[in-house]
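# A look at the structure
Given next are the chains, with one letter for each unit.
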Amino acid sequence: MKALRAADLPLDYNAVDILEHNLPARADNVALYSYERTLTFREVAEEVNRVGHALRDLGVRPGDVVGILCPDRPEWVTTFFAALKIGAVALGMNTLLTPREYDYILKDSRARVLLVHDSLWPSVADILDAQPFLEQVIVVGTPQRPDDIVYEQWIQGRPVDLERSPTHRDDFATLNYSSGTTGQPKGILHAHKDLPLCAHNWGLNVLGLRAEDRTFAVAKLFFTFGLGGNLIFPWYVGASVVLFSGPPRVATNVLEVIDRFKPTILYNAPTSYAAILAVENFTEQYDLSSLRLCVSAGEALPAPLWHRWKEATGLDIIDGIGSTENFHIFISNRPDDIRPGSSGKPFPGYEARIVDEEFNDVPPGEIGNLLIRGETAALFYLHQYEKSRQTFLGEWLFTGDKYYVDEDGYYWHAGRSDDMMKVGGIWVSPVEVESTIISHEAVLECAVVGQEDSAGLIKPKAFVVLKSGYAPSDELAQAIIAYCTEHMAAYKRPRWIEFVDELPKTATGKIQRFKLRQA
Ligand code: 3UK
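Residues numbered from 1 in each chain as written. Predicted model: local features only at pLDDT ≥ 70, side-chain atom pairs only at ≥ 80, totals over all residues. Heavy atoms only, no water.

Next up on the list: the layout of surface pockets. By volume, the second largest pocket amounts to about 830 Å³. Elements that contribute at least two residues to the lining of the second largest pocket include exactly helix H10 (270-277) and strand E25 (443-452). In terms of residue count, the dominant contributor to the lining of the second largest pocket is H10 (four residues). Of the residues belonging to the lining of the second largest pocket, the class tally is 17 nonpolar, 11 polar and eight charged. Taken domain by domain, the makeup of the lining of the second largest pocket includes at least three residues from each of domain 1 (15-29 + 41-192) and domain 2 (422-518). (1 Å grid on protein atoms, 1.4 Å probe; cavity = no way out; pocket = protein on both sides within 12 Å on 5 of 7 lines; lining within 4 Å. Points joined across faces, edges and corners; volume = space filled by probe spheres on them. Helix = DSSP H or I, 4+ residues; strand = E, 2+ residues; numbered from the N terminus. Nonpolar A, V, L, I, M, F, W, Y, C, P; charged D, E, K, R; others polar. Domains from an automatic or database assignment.)

Next up on the list: the site of the ligand. Taken together, 23 residues lie around the ligand, and Thr224, Asp319, Gly320, Thr324 and Asp401 are the ones closest in. Glutamate 299 has a polar backbone atom sitting 3.5 Å from a nitrogen atom of the ligand. The separation between a nitrogen atom of the ligand and a polar side-chain atom of aspartate 319 is 2.7 Å. Protein contact buries 94% of the 610 Å² of open area that the ligand shows by itself. Where the shell around the ligand is concerned, the elements lending two or more residues are helix H8 (224-237), strand E14 (317-322), strand E21 (396-405) and strand E22 (411-416). Looking at the shell around the ligand element by element, the count peaks at four residues for E14. Grouping the constituent residues of the shell around the ligand by class yields seven nonpolar, 10 polar and six charged. (Near = heavy atom within 4 Å. Polar contact = N/O pair within 3.5 Å; in protein donor to acceptor, adjacent residues only side chain to side chain. Areas by Shrake-Rupley, 256 points an atom, 1.4 Å probe, with all protein chains shown as cover.)

Attention now moves to the side chain of asparagine 333. Relative to the helices and strands, asparagine 333 resides in the loop between strand E15 (329-332) and strand E16 (345-346). Residue asparagine 333 is classed as buried on the basis of its relative accessible area of 1%. Discounting chain neighbours no more than four positions away, the residues touching asparagine 333 are Val206, Ile318, Asp319, Ile338, Arg339, Ser342, Ser343 and Gly344. (Buried < 20%, exposed > 50% of the residue type's maximum accessible area, 1.4 Å probe, protein only. Contact = heavy atoms within 4.5 Å.)

A word on the nonpolar core. Note that soluble globular proteins tend to have their nonpolar side chains buried in a common cluster. Among the nonpolar cores identified, the biggest contains 86 residues, and Phe80, Phe81 and Trp235 are the most heavily contacted of them. Of the residues forming this core, the biggest block, eight residues, is contributed by H8. When sequence neighbours within four positions are dropped, the list of residues in contact with tryptophan 235 reads Ile18, Leu19, His21, Asn22, Ala31, Leu32, Phe41, Val44, Val77, Phe81, Ser240 and Val241. In terms of nonpolar packing, the next biggest core, distinct from the first, is built from 28 residues, Ala251, Ile276, Leu291 and Leu301 among them. (Core = buried A, V, L, I, M, F, W, Y, C linked by side-chain atoms within 4.5 Å.)

Bringing the environment of aspartate 126 into the picture now. When you line up the elements, aspartate 126 lands in the loop between helix H5 (121-124) and strand E6 (136-140). Expressed as a C-alpha distance, the spacing of aspartate 126 and alanine 82, which sit 44 residues apart in the sequence, is 28 Å.

Sheet strands line up and pair through hydrogen bonds in the backbone, either parallel or antiparallel. If you walk across this open sheet you meet the eight strands as E7-E6-E5-E3-E4-E8-E9-E19, and the pairing is mixed. Looking at strand neighbours, the two that pair on one side only are strand E7 (149-150) and strand E19 (381-382), the edges of this open sheet. Sheet contacts for helix H3 (residues 74-85): strand E3 (65-69), strand E4 (89-92), strand E5 (113-117), E6 and strand E8 (172-178); angle to E3, the most-contacted strand, approximately 170°. (Pairing = 2+ DSSP bridges. Axes fitted to C-alpha atoms, helices over the stretch in contact; angles between N-to-C directions.)

On to empty space enclosed by the protein. A probe matching the size of a water molecule, rolled over the atoms, marks out where space remains unfilled. Tallied over the full model, the rule gives two cavities of 30 Å³ or more. Its volume calculated, the largest cavity comes out at about 40 Å³. Around the largest cavity, the lining residues are Ala274, Pro304, Leu305, Arg308, Ile438 and Leu444. Residue contributions to the lining of the largest cavity peak at three residues, all from helix H12 (residues 303-313). A class-by-class count of the residues in the lining of the largest cavity yields five nonpolar, no polar and one charged. Here the second largest cavity defines a volume of roughly 30 Å³. If you go around the second largest cavity, the residues you meet are Leu4, Arg5, Leu197, Asn201, Gly349, Glu375 and Thr376. Looking at the lining of the second largest cavity residue by residue, the classes come out as two nonpolar, three polar and two charged.

Looking now at the domain arrangement of the protein chain. Many descriptions give the size of an interface as the accessible area lost when the pieces come together. What the domain assignment lists for the protein chain is domain 1 (15-29 + 41-192) and domain 2 (422-518). Taking only C-alpha atoms into account, the centre of domain 1 sits 41 Å from that of domain 2.

Another point: helix H9 (residues 251-261). All of the buried residues in H9 are Ala251, Asn253, Val254, Leu255, Val257, Ile258 and Phe261. Next to the buried residues of H9 lie strand E1 (30-34), strand E10 (214-217), strand E11 (240-243), strand E12 (265-268), H10 and helix H11 (282-285). One or two positions beyond H9, positive phi appears at lysine 262, with a value near 55°.

Our next topic: the side chain of lysine 492. The topology assignment puts lysine 492 in the loop between helix H15 (474-487) and strand E27 (496-499). A distance of 2.9 Å separates the side chain of lysine 492 from the side chain of glutamate 432, its partner in a polar contact. When sequence neighbours within four positions are dropped, the list of residues in contact with lysine 492 reads Val428, Glu432, Val433 and Pro460.

Looking now at the sheet that holds strand E26 (residues 458-466). Across the sheet, which stays open at both edges, the three strands sit in the order E25-E26-E27 with mixed pairing between neighbours. Looking at which strands have only one partner, the edges of the open sheet turn out to be E25 and E27. Within this sheet the neighbouring strands show an average axis-to-axis angle of 25°, counted without direction. Two strands pair when backbone bridges link them, and E26 and E27 are joined in this way by four bridges, in the parallel orientation. Across the sheet, the residue bridging to phenylalanine 463 is glutamate 498, located in E27. Helix H14 (residues 430-438) rests against E25 and E26 of the sheet, and its axis sits at about 145° to E25.

The linkage connecting leucine 23 with the following residue, proline 24, adopts the cis geometry, with an omega of 0°. By the element assignment, proline 24 lies in the loop between helix H1 (17-20) and E1. Unlike most non-glycine residues, lysine 262 shows phi in positive territory, near 55°. Assignment of secondary structure puts lysine 262 in the loop between H9 and E12. Even without glycine at this site, phenylalanine 327 takes up a positive phi of about 75°. The class for phenylalanine 327 is buried, based on a relative accessible area of 0%.

Shown next as structure tokens:
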């Protein structure tokens, strides 16, 4: 399993090649399935060229930013590749943000053109007039203002061939905003080279994607987990993708898409695996037999959940840790080498170190800060000099994750640097406590944060969402605490349990422990 290196790519590489290398050999194969349209590779490539002409006509030049605020639909994909092909930067925007956040991102990114779906119009209507950099809005669907251009008309009659911009492999291709625990979201740019490197080194070498596969991601294309897994990697190997434009939070939506479009690979986040498992008789109601493999990322997948999924579906889940900073996954389990509950091992293309606060390597079994060296790391956070210097440490990237390695070389996530607790002078990972609590029969979801006790010392507190059929009570709280004492070192047990209806989460499904700490 040899890693693809940046130096293996030609200097004048453009990542639109990931789409176009499928022509002519696979031109008439289906590239994209969706409720809206089904498109072959040829049809996608031709529409990409039309959009490319349309963007150039608007004056979009190499290096300019093109915003995409649209559900996962064909127009998302064609605009994305068109931007890359003409040397512009595609900004995939989270569809779940507030007007204030869109205002910040449009200004910070300097986007000159914005593709917006009419369903998302209300979120930007009030902020579009006051944009110093934005020049043109393209609407997918019904136009909202007299000067807005409608996508269909915009591309109509344009030539179906277009010359590639001779981008350098290090030119920027994508921009994504990642929300931190504090402050404004951070703009993260990736170069053309990062896309084939991730596709090759994880999608092909680790996951084992092949041309016969059909992928489906619950994670949307605006998130690099979805973008890589459900567009870039499958097309890199000639496989097809299933796009779903609706809300993925509803587990039955996800099940319906699988039942109807028959993907072979499912990318999902742990929370959503749990939500599917909570749907009664889901394996009888929906046909999941097309699936051969599942992937989990975004947060740690607790071992009990891995086993419950395996028991219910017979399918393995490949858990891997990735980040927007690295574009995608950099430590991963493998189809033939899975340790449930762990993130697996680094694979060719990435190296990992686990270090203490002075950057000395810590011995196996000891928790430290995870550093990653690989050629897909971003170089900086846009307009955030100080945060950039704390994260991008030359060749090494400070992930902000706490990890330890077991005696067999598997990496175990132990929370974020800022979520860790010192309890009685010893590190306690909220993730470990959570995975014990979640294995209790009454618990659907939980989050553990540190809270000061009467002596001002930090102790774990658990926020628990119960499964339907269970009601909050003091008895149940005590039973869960007793269960924890039985199943792990007693000092790690939660001292308090608070029952809640739901946990605060980011748009991408990560539990926001900092919100619980503040509460
Ligand atoms: C956490 C995980 C434990 C971890 C992502 C796959 O999540 C992605 O990107 P983000 O920038 O967040 C990165 C942070 O999320 N995390 C992600 N995966 C795991 N923790 N186990 C995991 N398997 O704290 C990491 O630093 O939103 C995931 C591919 C692309 C991505 N962007």
